[in-house]
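Structural description and commentary
Here are the chains, one letter per residue:
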Amino acid sequence: MIVLGGSASTDLANKVAKELGEKTGQIEIKRFPDGEKYIRVHEDVKGQDVALIQSLYRTPDDYAFEYLLIADTLRDMGAAKIIGVTPYLAYARQDSRFYPGEALSSAAVAKMFEAAGTTSLLTIDCHLHRLGDVGKVFKIPAKNLSAMQRLGQYARDTLKPKNPIVVGPDEEAEQWAGTVAKELDAEHTAFTKKRIRKEGETESKLEMDTGDVELQGRDVVIADDIISTGGTIIQAVKASKRKGARRIFVLCTHPVLANAALNKIKAAGIAKVIGTDTIPSPISTVSVAPVIAAALKTGQ
Ligand code: R5P
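As a starting point, this report considers the structure included with it. (Residues numbered from 1 in each chain as written. Predicted model: local features only at pLDDT ≥ 70, side-chain atom pairs only at ≥ 80, totals over all residues. Heavy atoms only, no water.)

Turning next to the overall build of the protein. The helix and strand inventory of the protein stands at 8 helices and 15 strands. Against the compact-globule benchmark of 19 Å for 300 residues, the protein has a radius of gyration of 20 Å, which places it among compact chains. A principal-axis box enclosing the C-alpha atoms of the protein has dimensions of 60 × 45 × 35 Å. With 300 residues in all, the protein has 53% of them scored as buried. Pairs at least 24 residues apart make up 66% of the contacts formed inside the protein by residues separated by at least 6 positions. (Helix = DSSP H or I, 4+ residues; strand = E, 2+ residues; numbered from the N terminus. Rg over C-alpha atoms; globule rule 2.2 N^0.38 Å. Buried < 20%, exposed > 50% of the residue type's maximum accessible area, 1.4 Å probe, protein only. Contact = heavy atoms within 4.5 Å.)

Turning next to helix α5 (residues 174–184). Among the residues of α5, Trp-176, Ala-177, Gly-178, Val-180, Ala-181, Glu-183 and Leu-184 are the ones counted as buried. Of the surrounding secondary structure, the elements contacted by the buried residues of α5 are α4 (148–159), β8 (165–168), β9 (187–190), β12 (220–227) and β13 (248–255). Of the residues flanking the end of α5, it is Asp-185, one or two places downstream, whose phi is positive at about 50°.

Taken in spatial order, the 6 strands line up as β9-β8-β12-β13-β14-β15 in an open sheet, and their pairing is parallel. Single-partner strands in this sheet number two, and they are β9 and β15 (284–286). Direction aside, neighbouring strands of the sheet carry axes that sit 35° apart on average. As paired strands, β8 and β9 are joined by 4 bridges and run parallel to one another. Each residue of the ladder has a partner; that of Gly-168, found in β9, is Ala-190. (Pairing = 2+ DSSP bridges. Axes fitted to C-alpha atoms, helices over the stretch in contact; angles between N-to-C directions.)

Here we take up the nonpolar core. Leu-4, Leu-74, Phe-113 and Phe-138 are the most contacted members of the largest nonpolar core, which totals 39 residues. When residues of this core are traced back to their parent elements, those giving at least two are β1 (2–5), β3 (37–41), β4 (49–53), α2 (60–76) and α3 (105–115). The leading source of residues in this core is α2, at 7 residues. In terms of nonpolar packing, the next biggest core, distinct from the first, is built from 26 residues, Ile-165, Phe-191, Ile-222 and Leu-262 among them. (Core = buried A, V, L, I, M, F, W, Y, C linked by side-chain atoms within 4.5 Å.)

To continue, consider the packing of α4 against α5. One can describe the packing of α4 onto α5 by two numbers: an axis separation of 8 Å at closest approach and a directional angle of 40°. Between α4 and α5, the interaxial angle falls into the category oblique. For the pair α4 and α5, the crossing hand works out as right-handed. Two secondary-structure elements touch here, α4 through Met-148, Gln-149, Gly-152, Gln-153, Ala-155 and Arg-156 and α5 through Trp-176, Thr-179, Val-180, Glu-183 and Leu-184. Split by residue class, the contact of α4 with α5 holds 5 nonpolar, 4 polar and 2 charged. (Parallel < 35°, antiparallel > 145°, perpendicular 65-115°, else oblique. Left-handed = near helix turned anticlockwise from the far one by under 90°. Nonpolar A, V, L, I, M, F, W, Y, C, P; charged D, E, K, R; others polar.)

The next thing to look at is the site of the ligand. Taken together, 15 residues form the shell around the ligand, and within it Asp-224, Asp-225, Thr-229, Gly-230 and Thr-232 come nearest. A distance of 2.8 Å is found between an oxygen atom of the ligand and a side-chain nitrogen or oxygen belonging to Arg-93. Contacts to the ligand include Thr-229, whose side-chain N or O atom sits 2.5 Å from an oxygen atom. Taken together, the elements giving at least two residues each to the shell around the ligand come down to β10 (192–196), β12 and α6 (231–242). For the shell around the ligand, the per-class residue count stands at 2 nonpolar, 7 polar and 6 charged. (Near = heavy atom within 4 Å. Polar contact = N/O pair within 3.5 Å; in protein donor to acceptor, adjacent residues only side chain to side chain.)

A few words now on unusual backbone geometry. Of note in the backbone geometry, Tyr-91 takes a positive phi value of approximately 75° without being a glycine. Mapping Tyr-91 onto the fold places it in the loop between β5 (81–86) and α3.

Moving on to the pattern of salt bridges. Within this structure, the stated rule accounts for 13 salt bridges. Where Arg-75 meets Asp-72, a salt bridge forms, and the shortest distance between an N and an O atom there is 2.6 Å. Taken together, the residues span about one helical turn, with Arg-75 and Asp-72 both in helix α2 at a distance of 3 residues. Since its relative accessible area comes to 36%, Arg-75 is described here as partly exposed. (Salt bridge = Lys/Arg side-chain N within 4 Å of Asp/Glu carboxyl O.)

If you want it as structure tokens, here you go:
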């Protein structure tokens, strides 16, 4: 198998290739003076399976378009399989027309990836709040991997919370809290989150309910898929503090960290926030490379 990294995920691709005992394939990505991208694949991919790793963060349109150019090139060069690896799959949250005329972005991205020649797709802790299954987004075989076990192991071995309880800040996050809790041999729960986005606005207001869980004097470990604006985590931290939590640790797969989210979360008073390298950031401590390599080995 040839592992190629787009410019969003060069480091991660190197780590995945290393896990597989391979070298990363050579690809040249530059810009023409007018801003257009220049792509050249320096590998003979004819008849080969290629894993193309490109996470879609911060400038998702740019990285997605680059992905399409590379995938299309690989197909023309005769690659046998093009396994798209998008650790952070942008646009997954716009999986519904909340208001008439809105783009159904998750479906549109899936169609473009398929049209460019992607034969299967791997992603990680994809936002599937309403759809539940990444197979409902793509027609090609698609698999949603998880970083939560590795985050849980990190929490157990490094953060070492005392009398911990793992909290998902909303109902969808309960699954991730459960996985982390298993590693910590702890109980878990989920808060209830209501997000209100008014027509015409892109930011939403949040309301959070903790239910009747006992947090007094306990270390709380919050586990979520994405930290974007930080609004969800900040509300969860505030709610935990109101209930007397001792220390609060935050784990997330995708540190999107939009709008100075990291500073805001730290200011809310947490002991530590840990993310993964699906997105490079100051908190990308845990690597998902072993998770991706394991899935590639089993022949996705
Ligand atoms: C949403 O339900 C997700 O699981 C995350 O909780 C959310 O995307 C985080 O976004 P933000 O940091 O902007 O609250």
